[in-house]
Amino acid sequence: MMQDEHGKSKQTLIMIVDDDAALGEMLSIVLNGSGFETVTCQDGLRAVEMFPTLHPDLVLLDIMLPGLDGVQVAQRIRQTANTPIIMLTAKSDTTDVVKGLEAGADDYVVKPFEVVELMARIKARLRTLGMGASSDGAAAELPEFLHCGILEMNRVRHTAKKNGIDLHLTPMEFELLYVLAVHEDESLSRTSLLKQVWGYDDGGDAKLVNVHVQRLRMKVESNPEKPQIVQTVRGIGYKFVAPTE
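Quick look at the structure, then. Along each chain, numbering runs from 1 in the same order as the chain's sequence is written. Totals for whole chains, interfaces and linings use all residues, but because this is a predicted model, local features are given only for residues with pLDDT of at least 70 and pairs of side-chain atoms are given and counted only at 80 or more. Computation of side-chain values: all heavy atoms of the structure, hydrogens and water removed.

Glancing now at the packing of helix α6 (residues 171–182) against helix α7 (residues 190–198). In this description, a line fitted to the C-alpha atoms serves as the axis of each element, helices being fitted only across the stretch in contact, and the angle between N-to-C directions of two axes falls anywhere from 0 to 180 degrees. A run of H or I in DSSP becomes a helix once it reaches four residues, and a run of E becomes a strand once it reaches two; helices and strands are each numbered from the N terminus. Direction vectors running N to C along α6 and α7 enclose 125°, while the axes themselves pass 10 Å from each other. On the basis of their axis angle, the class for α6 and α7 is oblique. The two elements α6 and α7 meet at a crossing, and its hand is right-handed. Mapping the contact onto sequence places Met172, Glu175, Leu176, Val179 and Leu180 in α6 and Leu193, Gln196, Val197 and Trp198 in α7. Gly counts as polar in this scheme, as do all residues outside two lists: the nonpolar Ala, Val, Leu, Ile, Met, Phe, Trp, Tyr, Cys and Pro, and the charged Asp, Glu, Lys and Arg. Each residue belonging to the contact of α6 with α7 can be placed in one class, and the counts come to seven nonpolar, one polar and one charged. Comment on the angle field: the value is read as roughly parallel under 35 degrees, roughly antiparallel over 145, roughly perpendicular from 65 to 115, and oblique elsewhere. By convention the crossing between two helices is left-handed if the near helix lies anticlockwise of the far one by an angle smaller than a right angle, and right-handed if it lies clockwise. Two residues form a contact once any of their heavy atoms are found within 4.5 Å.

Below, the structure is given as structure tokens:
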């Protein structure tokens with residue numbers, strides 16, 4: 001269950017955007033059986049038109065769509081909303097995956113996929129959105145507020161400010177920055193970040209981390225080409241250094 005703007009519980013709405021009607025129907029049945037409300041759409045342009053009215057809590061978005069493709073749909077959604085997006089792709093090609101992530105997707109699943117795997121991804125992304133505890137309770141152990149130099153982060157309000165200016169991070173970007181900041185000056189491997197941020201217990205795709213770091217740097221760094229806050233640690237991963245100016 002999610003909460004509306006008045007703090008009242010409401011059924012979680014998942015928007016399924018896929019031109020495969022049979023797959024959309026199957027996903028609806030599975031998700032409805034798990035307590036989610038669903039709406040399906042088979043056209044990218046129509047999905048963009050429906051989104052502002054529906055205000056879904058999460059979007060399952062195929063890359064190959066008529067009207068507008070999934071990358072274009074993700075870009076349009078990201079112009080106005082931070083709603084979690086999981087790309088559904090029949091291709092494992094790196095270019096398609098990276099384009100989807102760069103457009104604003106939070107995660108992706110390659111078809112054909114196991115329903116159990118997709119459900120785990122959905123629940124993980126909704127936990128990130130609601131900032132709830134993960135299954136192992138790790139999220140609950142993180143502090144609610146962080147002050148790192150001129151950067152302030154509020155885990156309750158899900159906001160990050162640099163010099164008092166809101167960075168307008170997506171939930172995934174916020175979580176990535178928060179985990180890095182909690183481990184200030186500590187080098188974290190991509191595997192560790194996949195576990196702590198995305199909830200992957202076994203492996204995962206390093207591209208998720210790399211592309212999200214690039215997106216994060218565009219918002220938090222004064223010069224993304226020469227990052228000072230989210231630094232690359234060659235051969236390991238990344239580390240956070242508190243900004244002072």
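Here we take up the packing of aromatic side chains. Aromatic contacts are taken between Phe, Tyr and Trp rings whose centres are within 6.5 Å, Trp giving its six-membered ring; a plane angle under 30 degrees counts as stacked, one over 60 as edge-to-face, and the others as tilted. With the rule as written, the count across this model stands at one aromatic pair. Note on geometry: a ring has a charge over it if NZ (lysine) or CZ (arginine) is within 6 Å of the ring centre and within 35 degrees of the ring normal. Between Arg155 and the ring centre of Tyr178, over which it is positioned, the NZ or CZ distance is 5.2 Å.

Along the chain, Ala47 falls in helix α2 (residues 44–54). Distance from Ala47 to Val17, taken between C-alpha atoms, is 6.8 Å for residues 30 residues apart in sequence. Apart from residues no more than four positions distant in its own chain, Ala47 is found in contact with Met15, Val17 and Cys41.

Throughout this description, the term salt bridge denotes a Lys or Arg side-chain nitrogen within 4 Å of a carboxyl oxygen of Asp or Glu. For the structure on display, the rule yields eleven salt bridges. The residue Lys111 makes a salt bridge to Asp18 at a minimum N-O spacing of 2.7 Å. Linking Lys111 in the loop between β7 (107–110) and α5 (115–130) with Asp18 in the loop between β3 (13–17) and α1 (21–33), this pair joins segments that are 93 residues apart in sequence. Both residues of the pair, Lys111 and Asp18, count as buried. Of the charged contacts in the structure, one is a salt bridge between Arg46 and Glu49, with a shortest N-O distance of 3.7 Å. Of this pair, Arg46 and Glu49 both sit in helix α2, separated by three residues, roughly a single helical turn. Each of Asp107, Glu117, Arg121 and Arg125 takes part in one network of salt bridges that share partners. Note on exposure labels: buried denotes an accessible area under 20% of the residue type's maximum, exposed denotes more than 50%, and partly exposed covers the range between, all computed with a 1.4 Å probe on protein chains only.

In short, DSSP must find at least two bridges between two strands for them to pair. Read from one edge to the other, the open sheet built from three strands follows the order β12-β14-β13, with strand pairing classed as antiparallel. Each edge of the open sheet carries a strand with a single partner, namely β12 (188–189) and β13 (230–233). With two bridges connecting them, β12 and strand β14 (residues 237–240) associate as antiparallel partners. What sits directly across from Ser189, in β14, is Gly237. Sitting on the sheet, helix α8 (residues 206–220) touches β13 and β14, and the angle it makes with β13 is about 145°.

Moving on to the pairing of β14. One ladder, built from four bridges, connects β13 with β14; its direction is antiparallel. Within the sheet, the bridge partner assigned to Val230 lies in β14 and is Phe240. Between β13 and β14, which pair antiparallel in sequence order, lie three residues; one of them, Gly235, sits at a positive phi of approximately 80°.

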